[in-house]
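Coordinate inspection notes
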There are 2 protein chains.
Amino acid sequence: MTLNILDVSLRDGSHSVRHSFTEDQVRAAARGLNAAGVRYFEVSHGDGLGGSSLQYGLSATSELKLIEAAVSECTTSEVAVLLIPGIGTKQDLENAAKLGAKMVRVATHVTEADVAAQHIELARNLGMKTVGFLMMSHMAPVEKIVEQAKLFESYGAEIVYVTDSAGAMLPQDVTNRIAALRQSIQCDIGFHAHNNLSMAMANTIAAVEAGATYIDGSMRALGAGAGNTQTEVMVAVLERLGYETGVDLYKLMDTANDVIAPIMQQSQEVTGSSLTLGYAGVYSSFLLHAQKAAKQFGVDERDLLIKIGQMKAVGGQEDLIYEVAQTLAR
Amino acid sequence: MTLNILDVSLRDGSHSVRHSFTEDQVRAAARGLNAAGVRYFEVSHGDGLGGSSLQYGLSATSELKLIEAAVSECTTSEVAVLLIPGIGTKQDLENAAKLGAKMVRVATHVTEADVAAQHIELARNLGMKTVGFLMMSHMAPVEKIVEQAKLFESYGAEIVYVTDSAGAMLPQDVTNRIAALRQSIQCDIGFHAHNNLSMAMANTIAAVEAGATYIDGSMRALGAGAGNTQTEVMVAVLERLGYETGVDLYKLMDTANDVIAPIMQQSQEVTGSSLTLGYAGVYSSFLLHAQKAAKQFGVDERDLLIKIGQMKAVGGQEDLIYEVAQTLAR
């Protein structure tokens with residue numbers, strides 16, 4: 001079976017390099033990915049189209065320029081973009097499509113696929129390959145994932161992704177979710193991992209074995225937290241396991257080493273912070289607040305994040321962190 | 001079930017810091033490991049007792065001094081040493097035992113357990129916990145591993161380790177080997193991973209599920225190649241999976257972050273070199289030779305290492321690399 005490898009270095013990696021990608025860097029990476037035969041790769045601000053802002057971090061170069069640069073290097077690869085409704089707009093999507101982006105991944109919290117209906121519809125009308133991307137999938141039980149995937153499918157999504165945004169899943173969690181989707185929806189299934197618990201590769205294999213055919217990776221693991229499944233390593237491992245990816249391993253390794261490694265601003269190891277995020281299963285944006293609140297109330301930031309994780313707090317509930325810290329301190 | 005965690009930061013990590021450990025560093029790490037309740041931790045030159053040499057790299061501080069320093073910090077943890085017959089001697093082992101080392105891991109190539117008979121016997125006479133450590137276990141089929149483990153057991157080893165020195169195994173390889181040992185020998189079974197294919201944690205879980213009760217890890221993954229299973233992450237994951245380790249996660253994380261992170265000389269990511277070693281399944285000492293030979297004969301070092309791996313070359317056969325390079329060039 002041939003798997004579709006989708007490289008997210010130029011989107012999830014935007015977090016890791018603080019949105020500093022230049023046109024030259026994107027061109028070099030795009031050239032390498034295209035030469036290696038990677039089917040799709042994503043180019044956007046880390047938080048998707050329209051993410052460049054004081055709140056999410058300003059991009060050094062407009063993502064539209066970066067998308068245009070990437071597209072111009074492609075002969076067989078296609079450029080994908082990420083869109084989080086509420087951050088990116090329909091206008092942003094139209095602009096990206098005009099520049100040649102061929103796939104959009106419309107990303108919502110795992111329980112909120114309904115906010116994506118219009119964007120999925122627009123993407124189909126623009127002729128794009130259309131993906132529903134269920135973020136923080138570890139926070140919802142299997143039945144909820146199935147329900148939300150069915151919503152995405154009903155809007156017209158051709159692929160639904162289980163996305164382990166917090167790097168909190170273990171292989172059985174992945175297997176349960178992907179296998180249930182495989183039985184419940186017609187469209188293709190994808191999986192996106194983070195390595196906060198050193199489980200990205202193991203979870204990726206579990207996803208493939210359960211029926212996922214679209215798999216995300218990032219060269220040198222460049223991505224938020226401890227990073228993603230490392231694309232070039234994944235290609236080697238999948239090949240050893242007997243899967244076809246259509247990717248030239250050496251060319252991909254060369255791109256990882258020659259283009260991505262030199263622009264890394266920090267290593268993608270599992271640090272104390274990324275381990276805590278994965279172990280607690282919380283949004284990475286909670287980390288700085290937790291550190292601040294922990295200091296203010298004299299509690300351990302890890303206890304705080306674990307408690308927040310148990311409460312299944314979602315983005316926007318940062319105030320809760322201070323309340324919980326106050327309670328823990330008593 | 002309680003698993004025995006054995007931390008190898010102060011031995012396998014010696015490779016990563018080029019044998020530069022100081023007494024102060026070892027004391028601080030030992031204090032942290034002891035406080036966290038890690039049952040055993042290993043202190044030796046990366047290539048074991050007696051490894052300090054021009055060939056294997058000179059230690060900045062005598063390993064006997066480091067062992068003594070580590071022992072002096074322990075109230076409940078015990079210090080292990082590694083001994084590779086031919087590098088370390090029986091005298092080295094006696095010296096380590098006198099200083100308070102309580103466990104020795106006698107390491108041989110996976111097909112050569114017979115060279116360890118005398119050392120195992122001596123270790124038992126010295127009252128040490130005694131381990132047979134089968135290096136490069138990916139190179140031998142299951143029956144060979146069982147045969148060699150039985151030899152170790154017959155010499156008096158209380159634990160036999162499956163050691164994935166090249167980081168080349170996939171979970172099924174681990175499961176097959178550990179499960180076969182579980183059925184064939186009485187002594188305890190251990191597993192030591194490297195992360196060259198991003199599989200260290202997945203392989204560790206496979207080992208535990210198949211019956212291994214001694215598990216190696218290294219803080220911040222400090223070790224040869226892409227490093228080992230990351231101890232503090234492993235403790236978190238094993239806890240999530242319902243295993244007891246008796247280790248205080250926060251204290252271990254603190255030691256990893258406050259003691260190990262500051263002394264790291266390089267990141268423990270999967271680089272092109274470590275991926276190639278894992279993919280080819282060869283000794284890390286072959287890498288520099290392969291790079292040299294590849295340049296000399298104008299071939300790709302990866303093709304060379306993969307060929308060498310297929311030929312199942314072992315340490316000492318470095319000359320073969322140049323012959324193969326010459327053949328590939330034709």
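Basis of the calculations
- Residues numbered from 1 in each chain as written.
- Chains lettered and ligands numbered in written order.
- Predicted model: local features only at pLDDT ≥ 70, side-chain atom pairs only at ≥ 80, totals over all residues.
- Heavy atoms only, no water.
- UniProt positions renumbered as here; feature names shortened; annotations may be inferred.
- Helix = DSSP H or I, 4+ residues; strand = E, 2+ residues; numbered from the N terminus.
- Contact = heavy atoms within 4.5 Å.
- Axes fitted to C-alpha atoms, helices over the stretch in contact; angles between N-to-C directions.
- Parallel < 35°, antiparallel > 145°, perpendicular 65-115°, else oblique.
- Left-handed = near helix turned anticlockwise from the far one by under 90°.
- Pairing = 2+ DSSP bridges.
- Buried < 20%, exposed > 50% of the residue type's maximum accessible area, 1.4 Å probe, protein only.
- Least-squares fit on C-alpha atoms with pLDDT ≥ 70 in both.
- Salt bridge = Lys/Arg side-chain N within 4 Å of Asp/Glu carboxyl O.
- Polar contact = N/O pair within 3.5 Å; in protein donor to acceptor, adjacent residues only side chain to side chain.

Looking up chain A in an unreviewed UniProt entry gives the name 4-hydroxy-2-oxovalerate aldolase, with the organism given as Lysinibacillus composti. Check the Sequence similarities (unreviewed entry) section of the UniProt entry for chain A; it says "Belongs to the 4-hydroxy-2-oxovalerate aldolase family."

Re the UniProt feature "active site" (unreviewed entry) in chain A
Residues and elements named next belong to chain A. UniProt feature "active site" (unreviewed entry): in the numbering of this structure it lies at H15. Along the chain, H15 falls in helix α1 (residues 12–16). Aside from chain neighbours lying at most four places away, what touches H15 is G46, D47 and A224.

Quick look at the packing of helix α13 (residues 301–310) of chain A against helix α10 (residues 249–260) of chain B
In contact at an axis separation of 11 Å, α13 of chain A and α10 of chain B are set at 125 degrees when each is read in the N-to-C sense. The orientation of α13 of chain A relative to α10 of chain B falls into the category oblique. Seen along the crossing, α13 of chain A lies across α10 of chain B with a hand that is right-handed. Counted together, R302, D303 and I306 of chain A of α13 of chain A and Y250, M253 and D254 of chain B of α10 of chain B form the full contact between these two elements.

So, the sheet that holds strand β7 (residues 188–192) of chain B
Residue and element names in this part refer to chain B. Pairing within the closed barrel is parallel, and its 8 strands lie in the order β1-β2-β3-β4-β5-β6-β7-β8. On average, adjacent strands in this sheet sit at an angle of 25 degrees to one another, irrespective of strand direction. The pairing of strand β1 (residues 4–7) with strand β8 (residues 214–217) spans 4 bridges and is classified as parallel. Directly across from I5, in β8, lies its bridge partner I215.

Comments concerning unusual backbone geometry
All names here are of chain B. Even without glycine at this site, H19 takes up a positive phi of about 55 degrees. Locating H19 in the fold gives a position in the loop between α1 (12–16) and α2 (23–36). According to the relative accessible area criterion, H19 is buried, its value standing at 10%. Although it is not a glycine, M136 adopts a positive phi angle of roughly 55 degrees. Along the chain, the position of M136 falls in the loop between β5 (129–135) and α6 (142–155).

Here's the deal with the relation of the copies chain A and chain B
Between chain A and chain B, which share one sequence, the superposing operator has a rotation angle of 180 degrees and an axial displacement of 0.0 Å; the RMSD is 0.0 Å. Taken together, the rotation and translation relating the two chain copies correspond to the operation of a two-fold axis. It is A202 of chain A whose C-alpha, among those of chain A, lies nearest the rotation axis, at 2.7 Å.

With respect to the interface of chain A and chain B
Note on interface size: it is often stated as the accessible area lost on association of the parts. The interface of chain A with chain B comprises 39 residues on the first partner and 39 residues on the second. For the pair chain A and chain B, the interface holds 4 salt bridges. The partner of D254 of chain A in a salt bridge is R302 of chain B, with the nearest N and O atoms 3.1 Å apart. Counting across the chain A and chain B interface gives 15 residue pairs in polar contact (both at pLDDT 80 or more). The set of elements that each furnish at least two residues to the side of chain A that touches chain B consists of α8 (200–210), α9 (231–240), α10 (249–260), α11 (272–280) and α13 of chain A. The element contributing the most residues to the side of chain A that touches chain B is α9 of chain A, with 6 residues.

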